[in-house]
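Here's the letter readout for the chains.
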Amino acid sequence: MIKGTIKLLYINDEFLTSDGSNSHAIGMLHAFEDILGSANIRVYPTPEDGSTKPINFKVQQLHKVFKNILQIIRYFRKRYSSIIKSNKIFTEFKKQNFIPTHIVARSTIFDTTAIYLAKKFNAKLIYEINSPLYYECGVIQKKPLLKEMERWERQIIENADLVYTVSSICRDMLCEHYKLSSQNFIVIPNGYMKELYIETEMEKQKIRNEIRQLEHLEDKYIIVFIGSLKIWHGIKSLCEVAELLENNKNIFFLVLGDGDGHELILDYITSHNNMLFKGKVDLQTMKYYLYAADLGIMPYASKDYFYFSPLKMFEMIGAGIPFVGTAIGQIEELCSEWGLEEMLIKNNEASTIATAIKDWTEKDITEIKRKIQHVRQNTDWNKRTNILIQKMKQML
């Protein structure tokens with residue numbers, strides 16, 4: 001191996017998710033390959049396209065009913081499987097004569113595979129944490145084994161040479177809860193895939209016209225929601241806004257994604273005719289429908305700890321469309337930094353959002369779109385990932 005060359009093993013359990021959230025993992029992987037060269041990258045597990053996999057809501061419901069026993073089973077299973085998996089990966093890549101200098105990892109709860117591998121390969125370990133799990137699992141979801149989960153979360157942080165979080169709030173929550181210095185942390189927000197949004201303005205317009213014609217929405221002002229239908233993403237507010245604006249015949253709502261809020265959306269569209277529910281779609285289809293839309297929507301509920309870096313915001317930036325989003329956490333932080341404060345709404349109450357949408361239907365967005373194009377230059381995954389790579393080079 002040439003001195004100074006980064007050999008990267010990228011472990012991310014998001015590669016197997018099927019709700020759209022794996023665009024983060026896919027985006028980073030493509031950026032790593034683009035910057036470091038695919039010969040210098042190995043990935044585990046093999047990425048899957050889950051866009052065509054239906055969500056089994058009955059199984060999800062059973063998981064909620066039996067979450068306590070399932071969490072206990074997971075705890076003991078992961079302690080064993082992490083050892084087995086790390087041995088398998090180590091053997092596989094040793095046979096390929098691939099010895100990583102760095103491991104970037106994001107793992108499911110209780111999984112310590114990356115820790116074992118970093119020791120086996122004598123590699124630097126960078127752990128990615130998108131949410132403080134002690135809070136998400138313990139406080140919000142009220143899962144059992146909180147002490148064991150906290151012990152695991154502390155373990156991955158303390159074994160990492162660098163911890164990468166997607167927001168400063170996420171970092172601060174972890175540091176405060178575990179009484180840690182922030183010196184070993186780096187904050188890098190999410191981004192969009194530059195290689196996905198490659199069309200010229202003329203090509204975008206052609207796609208826009210085709211999609212609107214296909215869905216018989218040529219004369220509509222289209223509001224689009226994209227991403228997994230988590231309840232905290234404001235699905236109830238989305239339906240309430242659509243109902244408030246039902247008499248505005250030129251305004252139409254488009255929903256791309258699926259998840260916990262599935263039944264809420266289904267209940268709404270069975271009794272109203274101003275919303276189209278496309279369900280889960282692949283990234284190319286998502287892009288086409290973003291081009292067809294006029295305004296994105298992110299009706300997050302206000303909460304004390306908004307530690308997210310919303311992927312949907314960056315996909316809209318990538319597609320070049322304006323959006324309205326609750327002034328909270330990183331949405332407020334970045335929109336203010338970008339000079340796009342007019343995209344912020346003070347809360348996710350239906351009346352507030354409805355008023356904002358009606359204002360947008362009459363707004364000249366020429367200058368706003370110019371600002372969005374400027375923002376696009378610095379928010380793609382290559383730019384984001386290169387920040388991490390520069391830190392990795394310092395570790396060599």
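Analysis parameters
- Residues numbered from 1 in each chain as written.
- Predicted model: local features only at pLDDT ≥ 70, side-chain atom pairs only at ≥ 80, totals over all residues.
- Heavy atoms only, no water.
- Pairing = 2+ DSSP bridges.
- Helix = DSSP H or I, 4+ residues; strand = E, 2+ residues; numbered from the N terminus.
- Contact = heavy atoms within 4.5 Å.
- Axes fitted to C-alpha atoms, helices over the stretch in contact; angles between N-to-C directions.
- Patch = residues over 30% accessible without salt bridge, like charges linked within 9 Å, V, L, I, M, F, W, Y side chains within 5 Å.
- Areas by Shrake-Rupley, 256 points an atom, 1.4 Å probe, with all protein chains shown as cover.
- Salt bridge = Lys/Arg side-chain N within 4 Å of Asp/Glu carboxyl O.
- Core = buried A, V, L, I, M, F, W, Y, C linked by side-chain atoms within 4.5 Å.
- Buried < 20%, exposed > 50% of the residue type's maximum accessible area, 1.4 Å probe, protein only.

## Quick notes on the sheet that holds strand 8 (residues 251–256)
Part 1 of the argument: Strand order in this open sheet of six strands is 9-8-7-10-11-12, and the pairing throughout is parallel. Because the sheet does not close on itself, it has two edges, and the strands there are strand 9 (275–279) and strand 12 (344–345).
Part 2 of the argument: Here two bridges tie strand 7 (residues 221–226) to strand 10 (residues 295–298), and the two strands are oriented parallel to one another. Residue pairing across strands places Ile-223 opposite Leu-295, the latter belonging to strand 10.
Part 3 of the argument: Contacting strand 7, strand 8 and strand 9, helix 11 (residues 283–292) crosses the sheet at an angle of about 150 degrees to strand 7.

## Side note on a nonpolar patch on the surface
Part 1 of the argument: A cluster of nonpolar side chains, contributed by Phe-66, Ile-69, Leu-70, Ile-72, Ile-73 and Phe-76, occupies part of the molecular surface with about 550 Å² of accessible area.
Part 2 of the argument: Looking at the element boundaries, Ile-69 is found in helix 3 (residues 67–95).

## With respect to the nonpolar core
Part 1 of the argument: With 130 residues, the main nonpolar core has Phe-32, Ile-103, Phe-253, Ile-357 and Leu-388 as its most contacted residues.
Part 2 of the argument: The element contributing the most residues to this core is helix 1 (residues 23–36), with seven residues.
Part 3 of the argument: Setting aside chain neighbours within four positions, we find Phe-253 in contact with Ile-223, Leu-238, Val-241, Ala-242, Leu-245, Asn-274, Met-275, Leu-276 and Ile-357.

## What to know about the sheet that holds strand 5 (residues 162–165)
Part 1 of the argument: Pairing in this open sheet of six strands is parallel, and the strands run 2-1-3-4-5-6 from one edge to the other. Every other strand in the sheet has two partners, leaving strand 2 (41–44) and strand 6 (185–187) as the edge strands with one partner each. When strand polarity is set aside, the average angle formed by the axes of neighbouring strands in this sheet is 20 degrees.
Part 2 of the argument: Pairing of strand 1 (residues 8–12) with strand 3 (residues 102–106) involves five bridges; the strand directions are parallel. By the bridge assignment for strand 3, Asn-12 is matched with Arg-106.
Part 3 of the argument: Lying on the sheet, helix 4 (residues 113–121) is in contact with strand 1, strand 3 and strand 4 (124–129); it crosses strand 4 at an angle near 165 degrees.
Part 4 of the argument: In the packing of helix 6 (residues 146–159) onto the sheet, the strands contacted are strand 4, strand 5 and strand 6, and the crossing angle to strand 4 comes to about 135 degrees.

## With respect to unusual backbone geometry
Part 1 of the argument: At the junction of Tyr-44 and Pro-45, the peptide bond is cis and its omega measures out at -5 degrees in the coordinates.
Part 2 of the argument: If you trace the backbone, Pro-45 turns up in the loop between strand 2 and helix 2 (57–65).
Part 3 of the argument: With a phi angle near 55 degrees, Lys-142 is a residue other than glycine that sits in the positive phi range.
Part 4 of the argument: Relative to the helices and strands, Lys-142 is located in the loop between helix 5 (133–140) and helix 6.
Part 5 of the argument: One non-glycine residue, Leu-145, lies in positive phi territory at about 60 degrees.
Part 6 of the argument: With respect to the element layout, Leu-145 can be found in the loop between helix 5 and helix 6.

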